[in-house]
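Structure at a glance
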Amino acid sequence: SLELQHEIQSFISQNLGIKDIIDRIWDIVDTDTVDHLLFEDQEIAKLNRNLWEESDLINTGLMHKALLAHPMAIPLTERLKGLSHQTLILTGIHDRNTGLPISRIIHRELLNSQWVLFYHSAHFPDLEEPEKFAENVVSFLK
């Protein structure tokens, strides 16, 4: 929403640190907005949300906190250059979280990578296009 955009712009204009900006955004963002960022198909988002609730899965933010507390000395793009393993990169073209720009960088830097796009998915192509996802993973593993 426009109101949410203005609030986020306000946080950015206050010259807060990235951690404070992210924390403040998570404090104001609602579930519906998060689901729209993560899923192209909102029916799949609802199914996923139900599965998370049923399993009592809670995102504690510990991984994010650990990454902030212990940043890597060598940037990701530099670390990728040294990897020669075959790698499969799966990206939903509607992913508003990491999406195409990050996948493009990873594919470019990983010399032995294969990149597959999912045209009807956002951040979770395994849920939004499960057959295509499984076919690509099985094919890659063979």
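Refer to the structure presented above.
For every chain, the first residue of the written sequence is number 1, and numbering continues from 1 onward in sequence order. Reporting of local features is limited, given that this is a predicted model, to residues whose pLDDT is at least 70; pairs of side-chain atoms are given and counted only at 80 or more, and all residues count toward the totals for whole chains, interfaces and linings. Here the side-chain values reflect all heavy atoms present in the structure, with hydrogen atoms and water set aside.

An α-helical turn contains 3.6 residues, so a residue and the one three or four places further along point in the same direction. The end-to-end C-alpha distance of helix H1 (residues 2–13), which contains twelve residues, comes to 16 Å, matching closely the 16 Å that a straight helix rising 1.5 Å per residue would cover. Under the DSSP-based scheme used, a helix requires at least four consecutive residues in state H or I and a strand at least two consecutive residues in state E, with every element numbered from the N terminus. Following H1 by one or two positions, Asn-15 has its phi on the positive side, about 55 degrees. Every helix has an expected span of 1.5 Å times one less than the residues it contains.

Glancing now at the nonpolar core. Of all hydrophobic cores here, the largest spans seven residues; its members are Leu-4, Val-29, Val-34, Leu-38, Phe-39, Ile-44 and Ala-45. Elements supplying a minimum of two residues to this core: helix H3 (31–38) and helix H4 (42–55). If near-sequence neighbours (up to four positions away) are discounted, Ile-44 is found in contact with Phe-39, Leu-127 and Glu-128. The term nonpolar core refers to a set of buried residues drawn from Ala, Val, Leu, Ile, Met, Phe, Trp, Tyr and Cys, joined through side-chain atoms within 4.5 Å. With a 1.4 Å probe rolled over the protein chains alone, any residue whose accessible area is under 20% of its type maximum counts as buried; one over 50% counts as exposed, and the rest are partly exposed. When checking whether two residues touch, look at their non-hydrogen atoms; a contact exists if any pair is within 4.5 Å.

The phi angle at Asn-15 is positive, at roughly 55 degrees, despite the residue not being glycine. Summarising the element assignment, Asn-15 is placed in the loop between H1 and helix H2 (18–28).

Turning next to the packing of H1 against H2. Note on definitions: angles span 0 to 180 degrees between N-to-C directions of axes, and those axes are lines fitted to C-alpha atoms, for helices only across the stretch in contact. Closest axis-to-axis distance for the H1/H2 pair is 10 Å, and the angle between their directions is 160 degrees. It follows that H1 is roughly antiparallel to H2 by the angle criterion. Where H1 crosses over H2, the two elements pack in a sense that is right-handed. Contacts from Leu-4, Glu-7, Ile-8, Phe-11 and Ile-12 of H1 reach H2 at Ile-21, Arg-24, Ile-25 and Ile-28. Residues belonging to the contact of H1 with H2 are distributed by class as follows: seven nonpolar, no polar and two charged. The scheme is simple: roughly parallel for angles under 35 degrees, roughly antiparallel for over 145, roughly perpendicular for 65 to 115, oblique for anything else. For a crossing to be left-handed, the near helix must be turned anticlockwise from the far one by less than a right angle; the clockwise case is right-handed. Under this grouping Gly is polar, as are all residues other than the nonpolar Ala, Val, Leu, Ile, Met, Phe, Trp, Tyr, Cys and Pro and the charged Asp, Glu, Lys and Arg.

The N-to-C vectors of H3 and H4 enclose an angle of 115 degrees; their axes lie 10 Å apart at closest approach. Where H3 crosses over H4, the handedness of that crossing is right-handed. Contact residues: H3 offers Thr-31, Val-34, Asp-35, His-36 and Leu-38, while H4 offers Gln-42, Ala-45, Arg-49 and Trp-52. When its residues are assigned to classes, the contact of H3 with H4 shows four nonpolar, three polar and two charged.

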